[in-house]
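Chain residues, written in single-letter form:
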Amino acid sequence: MAELTGWLLDVYAGEQGLTIWLLTDNGERRCLSQTFPVTFFAASQAVRQGLDKLDLPAHGSTSDLRAAWRWLSSQSEPLRLARAERRDLFAGPIPVLSIEVQQPAHLPGLFRRFSAAFPNLTFYDADLPISLRYGAVFGVFPLCRCCVEVQGNQVKTILALDSPWDLDPEYPPLRLLALEPDCNPSHAVPKGIIFSYKDIRYRMPLEPVRALLANLKSILRTYDPDMLLTSWGDTWLLPKLLELSQANPLPLNRDPSALITRKEQRTYYAYGQVIYRGAQVHLAGRWHIDKYNAVMYHDYGLDGIFELARVTGLPVQTVARVSPGTGISSMQIMTALRQGVLVPWRKQQAEAPKNLFELVRADMGGLVYQPTIGLHSNVAEVDFVSMYPSIMSHFNISPETILPGENDPQTGLPLTRPERGLVPTTLQPLLQKRIAIKSQLLCLPKWDPRRKRYQATASAYKWLLVTCFGYLGYKNARFGRIESHEAVTAYGRETLLRAKEAAEDLGFEVLHLYVDGMWIKKPAFATPADFQPLLNEILTRTGLPIALDGVYRWVAFLPSRLDARIPVANRYFGVFQSGEIKVRGIELRRRDTPDFIRETQQQMLNILAKAPDAEHVPNLLPEVQALVHRRLADLKRGRVPPEKLIVRQTLSRELDAYRSPSPAALAARQLADRAAPLRPGQVVRFLYTLGKPGVRAWDLPGEMDCRTIDVARYSTLLERAAETIFQPFMSEPVETKLPLLSGLYMPNKTSLLQEQAAVNWISGTA
Amino acid sequence: MGRTLPSSTQNFLQEQASFARFRRALRRSDQVALDDLFASARQHLAAAAYAANALPFETFLLAMLLEEHKQVMRLRQLVEADLHITPGDG
């Protein structure tokens, strides 16, 4: 028996039991195996619903379970069957048929046949990722430091030496090989591949193929990387290499006995957007991560992916490619496994019946005010810290703790059971660690190397926490129930209203409320310390932590584009006392805004941010206007590089499904005869051009004639973006301001400005 | 995630649209006043949503009334201030 210490890299089902990859302290990459039978459960639906005592027809009843036992006994896989009692999250302890599968690799196939043969049974723990099962039993997780006792290559015991909640875990010294084609394969056909390992970097042509493959093979053998970090590796590079090396396979996998796993591309609809996910290529024994197919890679990078693997328990390759929703579900599954709660195969909790009045009361979202339009100075923005997760944790909101239809008679808020719920139990450490990291970030100096990783972690956690709330009400979430989702928003509204009342009681004017944030001002209040008593008061009244996001020198809430009288909840820009600019909902935040427009709008704001306070902003308007005139002139004289004018838009449907094609669809059609046509959710890049069809796809081969650019259209876009910035400063009498901007504004704007003046007069802000 | 019932903004837009025929038959000057009334109700959509009244238009009418009353109060203040100052001036 020998003892190894190192990092757990991967766990997956192998030919015999589990395959476990360990990177030991002396730098060995050890491939170990372990016997690990896995169990899933079947119950009759009648039992689960407590209907077994009624006289029901035979299907879905206990007689089905007896038939299932007989069926399972006749299967070829080695199994161990037993009657047992386990806890359903909602129904409590129930009798189940326990099916222990000796080889984890057999489970998916067996379960597929079993569930097809017995569709009326309810299944539990049937489709859980093996890494979660393993983590639940041994307390280990991907990338954890662990101590392993082995006999030969067989793992006897494994013990975690650190915790996912450590702030500064020790990371393994990984060998990382980067591979990328010399151009984006969806834009042009690559001619070569660029390899880099530490400081070594070289490019090899795709042709001749024999040389390429021989070199690649020797590189993989020599460096034996733990990870391939690729660009377009999922969607182009690895499929291409696999195709080229069919006759003479490359050692892409480090585990020669395992297969390379491939997954199809798909498009789906979530959070109001069409999302495209490319095909996937997963390796065994080493990781493959495609920067362009990893979720949020641009946001939190490898640091975030490693951190997510540690806290969710999902393998590194998986967690890099799944949505935060899958991440938080995995954490809930882990909590359930540890508490001995059954994990349903499919969600079963339907909405409880409600009458119309109850529905009208319950089916509401967060509280979103219409802000007071116009320019305001010395405004404080205060935000609740992770409001919805804090509410779930503080008020113990979980699908099983909610008592549907039971409300507090005084506040009208939903009541919950006292036992700690599954969701709050899962969230608590995550919330605490995020708060700890955020407070560390506040005191770490700018040069500290930990900053980058802390920021990535905070960002990755943010997404887990945000989706945790959404998943409470998501129809496919295993531990979801719409009533608990509604309870969170009910507490959210109550909390925000209590904060508003506290602010008004202390003499503040409330300019805006937005779900978890509040914008307030009070004459002569301008420093962060001025607002501290209010924060304390809100904490007392709500029980939830609230923080000052900052004090704006000035902030402008913008009206609707269509009607200047109508405020818009999330369209504003302002400058904090630190000089930091914050913008929401304006052109420069939009993904389809060309760089030229975005940069100009940003520069306009940078000029305005120089003013020490709101009174001095008008002095800077001539400078801003001069900038806009210069940029317009640049555009008209062809001094703007065409790549700065590229519009990026996401296709929302298949090309044939457009009835009147959008510019994006027209551009995509120009590219349609290429090898891989664009799919819904993918981005198409184009320029606005003169004549029909009015657009030119940027990725069309051949030179583009710059004289065909539709300058007038881009001028209009620029003028509109400029107008957004000028608009809040135009509420003074129209005549005095117009000459300043006369070169910029079209005549029909006058009526809009007069209207604005009238609205200001009516609302008393003039 | 999806909602079962229309949001307060959707309710508002539906109610406004249902008066399209009424609005069309008004004089142009009255149309402007009517639009103002709807715009003033729209400033209170958050409160209307929170109220969750089964008949949302009642809340919108009250919101219009509220904005009207704010104006009355402001005008009254102006007039009173004016009346107060005038004797001193004269």
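If you're wondering where the values come from, they're calculated on a predicted model, not measured in any experiment.

Draft legend 1. Representation of the overall build of chain B within the structure. Across its full length, chain B holds five helices and zero strands. The globule rule puts the C-alpha radius of gyration for 90 residues at 12 Å, and the 18 Å found for chain B is more than 25% above it. Viewed in the frame of its principal axes, chain B has a C-alpha envelope of about 65 × 35 × 20 Å. In chain B, which comprises 90 residues, the share counted as buried stands at 26%. Put simply, of all contacts in chain B between residues at least 6 apart along the chain, 56% involve residues at least 24 apart. As presented, chain B carries roughly 6,300 Å² of accessible surface, and 59% of it is formed by carbon and sulfur atoms. Mean positive and mean negative side-chain charge positions of chain B (10 and 10 charges, respectively) differ by 11 Å.

Draft legend 2. Spatial organisation of helix α3 (residues 107-117) of chain A. All names here are of chain A. For α3, the complete set of buried residues consists of L107, L110, F111, F114 and S115. With its buried residues spanning 120° around the axis, α3 presents them on a single face. Away from the buried face of α3 by more than 90 degrees, exposed residues R112 and A116 are located. At its buried positions, α3 is contacted by β4 (38-44), α2 (62-73), β5 (79-88), β6 (92-101), β7 (121-124) and α4 (130-138).

Draft legend 3. Region of the structure containing the domain arrangement of chain A. All names here are of chain A. According to the domain assignment, chain A consists of domain 1 (176-325) and domain 2 (374-585). Between domain 1 and domain 2, the C-alpha centre-to-centre distance is 38 Å. Across the contact, 13 residues belong to domain 1 and 12 residues belong to domain 2. Interface area for domain 1 against domain 2, summed over the two sides, is near 1,200 Å², with a carbon-plus-sulfur share of 64%. Among the residues of domain 1 in contact with domain 2, D303, E307 and P324 are the three that bury the most area, contributing 40% of the side total. Run the count over domain 1 and domain 2 and you get two salt bridges. For K452, the salt bridge goes to D303, with nearest N and O atoms at 3.0 Å. The tally of links between domain 1 and domain 2 comes to five residue pairs in polar contact (both at pLDDT 80 or more). Every element with two or more residues in the side of domain 1 that touches domain 2 is listed here: α7 (297-312) and α9 (324-339). Counted by class, the side of domain 1 that touches domain 2 contains six nonpolar, four polar and three charged residues.

Definitions and limits used
- Residues numbered from 1 in each chain as written.
- Chains lettered and ligands numbered in written order.
- Predicted model: local features only at pLDDT ≥ 70, side-chain atom pairs only at ≥ 80, totals over all residues.
- Heavy atoms only, no water.
- Helix = DSSP H or I, 4+ residues; strand = E, 2+ residues; numbered from the N terminus.
- Rg over C-alpha atoms; globule rule 2.2 N^0.38 Å.
- Buried < 20%, exposed > 50% of the residue type's maximum accessible area, 1.4 Å probe, protein only.
- Contact = heavy atoms within 4.5 Å.
- Areas by Shrake-Rupley, 256 points an atom, 1.4 Å probe, with all protein chains shown as cover.
- Lys, Arg positive; Asp, Glu negative; His and termini not counted.
- Charge placed at Lys NZ, Arg CZ, Asp CG, Glu CD.
- Arc of directions from axis to C-beta.
- Domains from an automatic or database assignment.
- Buried area = accessible area lost by both parts, 1.4 Å probe.
- Salt bridge = Lys/Arg side-chain N within 4 Å of Asp/Glu carboxyl O.
- Polar contact = N/O pair within 3.5 Å; in protein donor to acceptor, adjacent residues only side chain to side chain.
- Nonpolar A, V, L, I, M, F, W, Y, C, P; charged D, E, K, R; others polar.

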